[in-house]
Each structure stands twice: as C-alpha cells, then as structure tokens.
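So the chains spell out like this:
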Amino acid sequence: EAQVTQNPRYLITVTGKKLTVTCSQNMNHEYMSWYRQDPGLGLRQIYYSMNVEVTDKGDVPEGYKVSRKEKRNFPLILESPSPNQTSLYFCASSFSSQGPYEQYFGPGTRLTVT
Amino acid sequence: KNEVEQSPQNLTAQEGEFITINCSYSVGISALHWLQQHPGGGIVSLFMLSSGKKKHGRLIATINIQEKHSSLHITASHPRDSAVYICAVEYDFGNEKLTFGTGTRLTIIP
C-alpha cells in the first residue's frame, strides 16, 4: 500500500530535550516536505526536499533541522525544543518537484513541549 | 503577499443538503488542491486542479483561473462528510510548495 508513515504519532517532551520525528514514504517520491498545523494559522511549511541531499527552508524553519540521506526518509529534528514548537506536524511527499503533482500526507505527529 | 482565503470558516447543514465551500487566491497559480482532514487529524488529497472541473463520486471541484477562485461542492451530503476541508495552492515558483487556507469546518447533522 502506498503510504507516508510518521513516528511517533504522539510525543510529550520537555524543553531542550532533542528529538527526531521520522518520516518515510514507499512511493519512490522525489519531493518531501514538513508542515506544522496550528489553530487559526493553518498549515505552514517548515522544510522541503527536492531530492536526496537537496533540502531548503520553508516559511517557518527556525528551530528545526532536516536531512535527506535516502530517498524514502526525511526526518525532522528539533535540537532544543521549546513550548512554541507544540503543534501538529505532517510530513508529505509527491512524485517530483517539477509538478504539479498530488501530495500524499502522513498521519501526523502531535508534539507537546512543556 | 500570497494569500489563500476560504469561506465560510464554519458550515453546519442537514443531511442531504448541497454544500459549497469557496476558495480565493491572490496571484497566478500552477495548481489548486482540495484536502480533507477528519477529526482524527489525517489529511487526504481530494482533488488537484489546474483548470475546469473534476468530479469524484458526490464531490465536485471547479476552478476559474481568471477569477482566481475555486469551489468544492458536495451533493447529497452525509454525516460522514463532516470534516475540515482545506484549499491549498501551488504558485508558479518551480517547486511543489503549498500555501494553505485556514480550512472550512463542515458539520452534517443527521
């Protein structure tokens, strides 16, 4: 089954404790992206990747890092989480950045930073 | 500023009613996406449009490029259609970046 998976689905952590949210897709997609969703603000792009070893900042990259060492994986790293990073996070992928193409979303990761 | 405006923000209707959700954007786009988010949180792609009209079961999406406007229609609405519907656009910037509206919360009452 074609899908985007994220782990963990729920995470409660404390300020400053490094964490990684994993994202994996099994569709051989070139393009992957991370979004955060906050009430009243909608979804906003954090980082995106057009292919292996090619990443770039989205609209709200501060406090986040990403890497794309393999085509299928695109982890989101919070080196020193803060309470303002409490949010619902979605990973998405599409066939290519030379689209437009339909985007496939992961199930979401609900992060709480205390 | 590239903005995506959706209306209404909230919509409550009786089962069986015809539903229309609107989306307007400010500059030229390469594509417009309609997404559905159920209370569990997952996001599903319903349509991707560059022009004209698409139909999928009881759902119809239209786009008017000149007017910079799109509509999502649901015919014979059902309680299972209750969800947040999100409009997102891709601008002509050579990547797949989506700019999202804030969503329309639809509730269908049996």
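The preceding data block contains the structure.
No experiment lies behind these values; they were computed from the predicted model shown. Within each chain, residues carry numbers counting from 1 in the order of the written sequence. Chain A is the first chain written and ligand 1 is the first ligand written, with later ones labelled in order. Only residues with pLDDT of 70 or above have their local features reported here, since the model is predicted, and side-chain atom pairs are shown and tallied only from 80 upward, although totals for entire chains, interfaces and linings are computed over all residues. Side-chain calculation: all heavy atoms of the structure are included, whereas hydrogens and water are not.

Student: Talk me through the overall build of chain B; I want residue IDs and the actual numbers.
Tutor: Secondary structure elements follow DSSP: runs of H or I no shorter than four residues count as helices, runs of E no shorter than two count as strands, and numbering proceeds from the N terminus. Helix and strand content of chain B: zero helices and eleven strands. Scanning chain B from its N terminus toward the C terminus, one meets helices and strands in the order β-β-β-β-β-β-β-β-β-β-β. For chain B, the C-alpha atoms occupy an extent of roughly 45 × 25 × 20 Å along the three principal directions. Going through the 110 residues of chain B one by one, you find that 47% of them count as buried. We call two residues in contact when some of their heavy atoms are within 4.5 Å. Intrachain contacts of chain B at a sequence separation of at least 6 include 55% that bridge at least 24 residues. Residue exposure ignores everything except the shown protein chains as possible cover, and the areas themselves are Shrake-Rupley values with a 1.4 Å probe. Carbon and sulfur atoms make up 51% of the accessible area of chain B, which totals about 5100 Å². Working convention for charge: Lys and Arg count positive, Asp and Glu count negative, and His plus the chain ends are omitted. Every charge is mapped to an atom, namely NZ of Lys, CZ of Arg, CG of Asp or CD of Glu. A distance of 4 Å separates the average location of the 9 positive side-chain charges in chain B from that of its 9 negative side-chain charges. Think of it in three bands: with a 1.4 Å probe and only protein chains considered, a residue is buried below 20% of the maximum accessible area for its type, exposed above 50%, and partly exposed in between.

Student: Any details on the state of the cysteines? Residues and values, ideally.
Tutor: Disulfide: a covalent bond formed between the sulfur atoms of two cysteine residues. For the purposes of this analysis, a disulfide is any pair of cysteine sulfur atoms at a distance within 2.5 Å. Evaluated as defined, the whole model comprises two disulfides over all chains. Two residues share a disulfide in this structure: A:Cys23 and A:Cys91, whose sulfurs sit 1.8 Å from each other. Disulfide A:Cys23-A:Cys91: torsion about the S-S bond near -70 degrees, hence left-handed. Of this pair, A:Cys23 sits in strand β3 (residues 19-25) while A:Cys91 sits in strand β9 (residues 87-94); the two residues are 68 residues apart in sequence, bridging distant segments of the chain. A relative accessible area of 2% places A:Cys23 in the buried class. Shown here is the disulfide that connects B:Cys23 with B:Cys87, its sulfur atoms set 1.9 Å apart. One quick way to see it: the torsion about the S-S bond of B:Cys23 and B:Cys87 is about -60 degrees, and its sign makes the bridge left-handed. Separated by 64 residues along the polypeptide, B:Cys23 in strand β3 (residues 19-25) and B:Cys87 in strand β9 (residues 83-91) bring together distant segments of the chain. A single burial state applies to B:Cys23 and to B:Cys87, both of which are buried.

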